[in-house]
Amino acid sequence: MNRLFINLYLVIILGLLSINWLSEQLWQQFVESEHAQSQQWHHIEQVAKILPILQGQKHQTKESIISQLSKTLDVPIKTSLMNNFYWLEEQKVKLMSGQVLRNYDEQDNVIFYVKVLESPIVYQVGPVNQSMSSIAHSQDFKWLFLCVSYLLLGGVIALWTRPLWRDLNQLNHMASEIADGKLDLAIYTNKHSPIKKIVITFKDMAHRIIRLLSDQKQLVNAVSHELRTPLSRLRFSLAMLEGANEEQRKDMVQDVSEIEALIDEMLSYARLENINQDIKKSSVELTSLISNQINKLVRISDISITWQKPAPCYYHCNEHLLERAIQNLSTNALRYAKGSIEISLVNTQDHIEIMVEDDGQGIDKQDRDKIFQPFFRLETHRNRDENQQKGGYGLGLAIVQRICEWHKAKCTLSVSKLGGCKFIINLPKDKNI
Ligand SMILES: Nc1ncnc2c1ncn2[C@@H]1O[C@H](COP(=O)(O)OP(=O)(O)OP(=O)(O)O)[C@@H](O)[C@H]1O
Ligand SMILES: [Mg+2]
């Protein structure tokens with residue numbers, strides 16, 4: 001939004017400043033040339049004033065002075081008779097009193113007339129070419145120039161605001177679609193749009209709403225399905241309680257633990273959904289964090305774990321959440337591996353990658369996106385009764401994905417060189433995070 005404001009502000013201010021500057025320059029030029037012209041006219045007028053004095057001179061002398069003056073002033077000087085022209089009354093009065101009369105011809109050129117007193121002879125100096133239009137004309141031009149400039153500025157602003165208007169219209173349309181409950185919007189974002197960020201935020205918001213709704217649906221399904229099985233077993237065991245033996249009691253305890261574990265897992269997932277944007281972050285040394293994790297895993301499993309601890313690597317994150325993400329990936333690897341897993345960390349200039357690989361059966365391409373959805377489990381890993389080891393609720397990876405989102409990171413899945421899955425958490429090195 002700041003960029004938008006600064007752009008608009010600069011376009012208008014720079015446009016106005018350049019128009020102002022240009023018109024000032026032009027105006028200055030007009031004023032200067034006007035001044036030079038009026039000086040020239042004044043000069044010619046002074047010369048015209050003294051022409052009648054020549055009347056007393058010899059014809060030759062007079063002619064040579066006149067041609068000399070004409071050359072110097074660069075204007076023609078002629079003599080003619082007063083009656084050869086048509087004069088208005090006030091012009092006649094002026095000429096008769098010996099004053100210089102200024103007149104204009106059809107081309108708007110100025111001509112100076114002066115009459116020799118007590119003689120019908122009139123000196124005509126001019127026409128003097130008007131190199132520039134009059135002040136009135138130049139003022140007209142200035143207005144014209146200003147109008148054209150403001151129209152141009154208006155055009156530039158219109159060009160600049162049109163895409164903005166179009167994007168805002170789209171945003172408005174999106175908002176009403178969302179309000180109508182149509183959440184799956186195909187949103188087009190122009191790379192250069194000044195409101196790109198708002199559109200992206202809108203898009204994210206719509207996606208988050210979609211996800212919340214689908215999660216909620218899955219949650220309800222999963223709760224009803226997952227809780228029903230251990231509960232019906234419990235009911236059966238209770239019915240048989242009369243002659244209860246130790247084994248039955250153990251089963252019941254196991255069922256209760258399963259329900260508790262499921263509820264715990266669901267609660268942590270729900271907590272992550274509602275987590276505050278400002279999660280507490282600090283500089284965390286990731287290699288030690290992973291080493292601690294591995295030490296805990298080694299104690300609970302026979303699977304061989306390879307971890308070549310690299311040089312210390314610090315990352316600004318929420319330690320508890322990142323630990324949880326790594327723990328979820330590594331317990332999955334332990335759970336689904338045949339005999340070995342490998343954990344590694346790569347620290348590059350723009351990101352840090354934490355990789356968890358295993359030699360298990362892997363995950364087919366078509367299921368790779370689905371496994372990040374809450375409560376999704378591969379068909380082969382669904383039944384907890386048959387193989388207690390593989391039992392999970394399908395929430396671990398959904399939690400990993402949420403944690404990554406909170407860190408603007410990504411969790412991806414590919415095939416490991418060990419033959420199974422290779423989960424990669426890609427943490428961007430961004431100062432804003
Ligand atoms: N390393 C892996 N190898 C093979 N399949 C995997 C692996 N990790 C996850 N999966 C599959 O993805 C599904 C979802 O994993 P996720 O961690 O979300 O759930 P879970 O492990 O089943 O249960 P939870 O983590 O909630 O205890 C698993 O049920 C399993 O089918
Ligand atoms: Mg898991």
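Residues numbered from 1 in each chain as written. Chains lettered and ligands numbered in written order. Predicted model: local features only at pLDDT ≥ 70, side-chain atom pairs only at ≥ 80, totals over all residues. Heavy atoms only, no water.

(A) Spatial organisation of the domain arrangement of the chain. Under the domain assignment used here, the chain contains domain 1 (17–128), domain 2 (205–274) and domain 3 (278–433). Here the C-alpha centroids of domain 1 and domain 2 sit 111 Å apart. (Domains from an automatic or database assignment.)

(B) Just the packing of aromatic side chains, in detail. Counted according to the given criterion, the structure contains four aromatic pairs. Taking 5.3 Å as the distance between ring centres and 55 degrees as the angle between the ring planes, the aromatic pair formed by Phe-85 and Trp-87 counts as tilted. A residue is classified by how much of its surface remains accessible, and Trp-87, at 7% relative accessible area, is buried. When the centroid spacing of 6.3 Å and the interplanar angle of 80 degrees are considered together, the rings of Phe-372 and Phe-423 count as edge-to-face. Of this pair, Phe-372 sits in the loop between strand S9 (351–358) and helix H9 (396–406) while Phe-423 sits in strand S11 (residues 421–428), and the two are 51 residues apart along the sequence. In this structure an aromatic cluster arises from ring pairing among Phe-85, Trp-87 and Tyr-113. (Phe/Tyr/Trp six-rings, centres within 6.5 Å; stacked < 30°, edge-to-face > 60°. Buried < 20%, exposed > 50% of the residue type's maximum accessible area, 1.4 Å probe, protein only. Helix = DSSP H or I, 4+ residues; strand = E, 2+ residues; numbered from the N terminus.)

(C) Layout of H9. Of all 11 residues that make up H9, nine are buried, and the element is covered over most of its length. Once H9 finishes, Lys-408 follows within two positions and takes phi at roughly 55 degrees, a positive value.

(D) A look at the site of ligand 1. Neighbouring ligand 1 are 19 residues; Asn-332, Arg-335, Asp-358, His-381 and Leu-397 lie closest to it. In this structure, an oxygen atom belonging to ligand 1 sits 2.7 Å away from a side-chain N or O atom of Asn-332. A distance of 3.0 Å separates an oxygen atom of ligand 1 from a polar backbone atom of Gly-394. Relative to its free-state accessible area of 590 Å², ligand 1 is covered by the protein chains to the extent of 97%. Broken down by element, the shell around ligand 1 gets its largest block of residues, three residues, from helix H8 (residues 319–336). (Near = heavy atom within 4 Å. Polar contact = N/O pair within 3.5 Å; in protein donor to acceptor, adjacent residues only side chain to side chain. Areas by Shrake-Rupley, 256 points an atom, 1.4 Å probe, with all protein chains shown as cover.)

(E) Representation of the pattern of salt bridges within the structure. Per the stated rule, a full pass over the model turns up eight salt bridges. One salt bridge connects Glu-45 with Arg-102, and the closest N-O pair in it is separated by 3.2 Å. Residue Glu-45 is located in helix H1 (residues 2–50), and its partner Arg-102 is located in strand S2 (residues 101–104); the two are separated by 57 residues in the primary sequence. For Arg-102, a relative accessible area of 33% gives the class partly exposed. (Salt bridge = Lys/Arg side-chain N within 4 Å of Asp/Glu carboxyl O.)

(F) Just unusual backbone geometry, in detail. Geometrically, the link from Gly-126 to Pro-127 is a cis peptide bond, its omega value of 5 degrees lying close to zero. Mapped onto the elements of the fold, Pro-127 is located in strand S4 (residues 121–128). Backbone geometry at Lys-408 places phi at a positive 55 degrees, although glycine is not the residue there. Within the element layout of this structure, Lys-408 appears in the loop between H9 and strand S10 (410–415).

(G) Structural detail: a nonpolar patch on the surface. Residues Phe-5, Ile-6, Tyr-9, Leu-10, Ile-13, Leu-14 and Leu-17 make up a contiguous nonpolar surface patch of roughly 700 Å² in combined accessible area. For Ile-13, the location among the structural elements is in helix H1. Judged by its relative accessible area of 33%, Ile-13 falls in the partly exposed class. (Patch = residues over 30% accessible without salt bridge, like charges linked within 9 Å, V, L, I, M, F, W, Y side chains within 5 Å.)

(H) Layout of the side chain of Asp-359. By the secondary structure assignment, Asp-359 is in the loop between S9 and H9. Buried Asp-359, no salt bridge; nearest opposite-charge side chain is Lys-338, N-O distance 6.7 Å. Engagement of the side chain of Asp-359 in a polar contact is seen with the backbone nitrogen of Lys-338, the distance being 2.8 Å. A polar atom in the side chain of Asp-359 sits 3.2 Å from the backbone nitrogen of Ser-340. Here Asp-359 is in contact with Ala-337, Lys-338, Gly-339, Ser-340, Leu-418 and Gly-420, once residues within four sequence places are set aside. (Lys, Arg positive; Asp, Glu negative; His and termini not counted. Contact = heavy atoms within 4.5 Å.)

(I) Representation of the sheet that holds S2 within the structure. Taken together, the four strands give an open sheet; going across it, the order is S1-S4-S3-S2, and neighbouring strands pair in antiparallel fashion. If you trace the sheet from one side to the other, it starts and ends with strand S1 (77–81) and S2, each paired once. The average undirected angle you get between the axes of adjacent strands in this sheet is 30 degrees. Pairing analysis gives four bridges linking S2 to strand S3 (residues 110–115), with the strands arranged antiparallel. Bridged to Tyr-104 within S3 is Val-110. (Pairing = 2+ DSSP bridges. Axes fitted to C-alpha atoms, helices over the stretch in contact; angles between N-to-C directions.)

(J) Up close: the sheet that holds strand S6 (residues 304–307). Taken in spatial order, the five strands line up as S6-S8-S9-S11-S10 in an open sheet, and their pairing is mixed. Single-partner strands in this sheet number two, and they are S6 and S10. Put simply, the sheet's adjacent strands are angled 15 degrees from each other on average, direction ignored. With six bridges connecting them, S10 and S11 associate as antiparallel partners. Opposite Cys-411, over in S11, you have Ile-425 as the bridge partner.

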